[in-house]
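# Breakdown of the fold
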Amino acid sequence: QGENVFFLVTNFIATAQQAQGSCPESPAVLNAMCTEDADCPMGSPVVRGNGIKTGKCVMFNTTHSTCEIYGWCPVENATLPRKPLLAEAENFTLFIKNTVHFTKFNFSKCNALQTSDPTYFKSCTYDPFFSPFCPVFHIRDMVEAAGETFGDLALLGGSIGVRIKWDCDLDHPAAQCQPQYSFSLQDRRYNFRTASYYWDSQRRLYRNLLKLYGIRFDISVHGQVPGPGTPAGCVTADCPAVFVCLQATVVCDLVLLYLDAKADFYWKEKFEEVR
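These numbers come from a predicted model, not from an experiment.

Let us look at the overall build of the protein. Looking only at helices and strands, the protein has 7 helices and 12 strands in total. Going through the 275 residues of the protein one by one, you find that 35% of them count as buried. Of all intrachain contacts in the protein linking residues separated by at least 6 positions in sequence, the fraction that spans at least 24 positions is 64%.

Set out below in structure tokens:
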């Protein structure tokens, strides 16, 4: 088993340059609304806000008064665009290369076609029937396979689970060992913030804040394989009865003691009656 993560940014909000200082809290934060200084006790944090209250109630705009805070100013602007800024990302492709190793049986297999053609992966697209060993996927197809539309998921972000399943029978040719892909929606909203910090000539600390929205792909790999010559393989390959007996003595006992024509003889040899 294995896991990996890929994140595609499809939308973002760039907050204006922020500096450490005092400014009015956003009216979108309920705990920041006030009518007088007594509503803003100094030193208390704003619940789900952006800083620590300074003890002052100030005008945010002509209609709202909020507590002044000490923190990164001005506070973050949470306004979202009405459409994804990177809508063309639905035509992007994702190359997922995966190799499984079954060390017990000295067997390895890659989900990519072993070819010397340098243009193959530039032109192929995964298809479960016609191109199962092309690990190139269109983002749009992956999102739709998970039951979503790219436009809806790209605006506020989301998380898609990509499961690669390897179930291979080593009693068959290696070419029949093929990966199976499935896609599922894990979350309809996904975002995170990142910032770059710097000092100005006056030694004041500033930062540029980005709130990134996008599609997160959680890629997990699972596999199991019955080894060559195992009892499970013998059943499908019509193995000799002697080999089955060597693998499962319990089965042998059942056959010899209850089904064989000389069951009485084996019973007397295996068990001793004590009076």
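Past the structure itself, the notes keep going.
For side chains bearing opposite charge, pairing can occur when the charged atoms are close. Counted by the stated rule, this structure contains 4 salt bridges. Across the pair R188 and E148 runs a salt bridge, and its minimum N-O distance is 3.0 Å. Of this pair, R188 sits in the loop between β10 (180–187) and β11 (191–199) while E148 sits in the loop between α2 (139–145) and α3 (150–156); the two residues are 40 residues apart in sequence, bridging distant segments of the chain. Here R216 ties to D218 by a salt bridge, and the two come within 2.8 Å at their closest N and O atoms.

This paragraph deals with the confidence of the model for the protein. The predicted model of the protein averages 80 in pLDDT, with 81% of residues at 70 or higher. Taken element by element, the protein is modelled with least confidence in helix α4 (residues 231–237), mean pLDDT 34, and with most confidence in strand β3 (residues 51–59), mean pLDDT 94. Ignoring residues within four places in sequence, the model shows residues 231–251, a span with pLDDT below 50, making 7 contacts including any to other chains.

Attention now moves to the environment of A28. Within the secondary structure, A28 sits in the loop between β2 (18–24) and β3. The class for A28 is exposed, based on a relative accessible area of 68%. The spacing of A28 and N77 is 49 residues in sequence and 9.9 Å in space, taken between C-alpha atoms.

Under the defined criterion, the tally for this structure stands at 5 disulfides. Through a disulfide, C124 is tied to C134; the S-S separation comes to 1.9 Å. Taking the torsion about the S-S bond as the criterion, the C124 to C134 disulfide, at about 80°, is right-handed. Of this pair, C124 sits in the loop between α1 (120–123) and β8 (136–138) while C134 is found in the loop between α1 and β8, placing the two residues 10 residues apart along the sequence. Each disulfide pairs two cysteine sulfurs, and for C168 the partner residue is C177, the sulfurs being separated by 1.8 Å. Its torsion about the S-S bond being 55°, the disulfide of C168 and C177 is classed as right-handed. Since its relative accessible area comes to 3%, C168 is described here as buried. Regarding the disulfides, the protein carries the connectivity 1-6, 2-4, 3-5, 7-8, 9-10 under sequence-order numbering of its bonded cysteines.

Our next topic: the layout of surface pockets. Roughly 420 Å³ of internal volume is contained in the largest pocket. Looking at the largest pocket, it is lined by 18 residues, and the ones nearest its centre are A28, E76, A78, R193 and K211. Looking at the lining of the largest pocket, the elements that each hand over two or more residues are β11 and β12 (205–224). Domain assignment of the residues forming the lining of the largest pocket places at least three in each of domain 1 (5–11 + 80–224) and domain 2 (26–73).

Attention shifts here to unusual backbone geometry. At the junction of C73 and P74, the peptide bond is cis and its omega measures out at -5° in the coordinates. Among the secondary structure elements, P74 is positioned in the loop between β4 (65–73) and β5 (93–95). Its identity is not glycine, yet R48 carries a phi of approximately 55°, on the positive side. On the basis of relative accessible area, R48 is assigned to the exposed category, the value being 83%. Even without being glycine, R203 reaches a positive phi, approximately 65°. Take R203: its relative accessible area is 58%, and that puts it in the exposed class.

With that settled, consider the pairing of β4. Along β4, 8 of the 9 residues are buried, which leaves the element largely enclosed by surrounding structure. Of the pairings in the sheet, the one linking β2 to β4 comprises 6 bridges and is antiparallel in character. What sits directly across from S22, in β4, is Y70. Two elements, β3 and β4, share 6 bridges in a ladder whose sense is antiparallel. Residue pairing across strands places G51 opposite G71, the latter belonging to β4.

Moving on, we come to the environment of F92. Counting through the fold element by element, F92 comes out in the loop between β4 and β5. On the basis of relative accessible area, F92 is assigned to the partly exposed category, the value being 38%. For the pair F92 and L8, spaced 84 residues apart in sequence, the C-alpha separation works out to 9.8 Å.

Basis of the calculations
- Residues numbered from 1 in each chain as written.
- Predicted model: local features only at pLDDT ≥ 70, side-chain atom pairs only at ≥ 80, totals over all residues.
- Heavy atoms only, no water.
- Helix = DSSP H or I, 4+ residues; strand = E, 2+ residues; numbered from the N terminus.
- Buried < 20%, exposed > 50% of the residue type's maximum accessible area, 1.4 Å probe, protein only.
- Contact = heavy atoms within 4.5 Å.
- Salt bridge = Lys/Arg side-chain N within 4 Å of Asp/Glu carboxyl O.
- pLDDT = per-residue confidence, 0-100.
- Disulfide = S-S within 2.5 Å.
- 1 Å grid on protein atoms, 1.4 Å probe; cavity = no way out; pocket = protein on both sides within 12 Å on 5 of 7 lines; lining within 4 Å.
- Points joined across faces, edges and corners; volume = space filled by probe spheres on them.
- Domains from an automatic or database assignment.
- Pairing = 2+ DSSP bridges.

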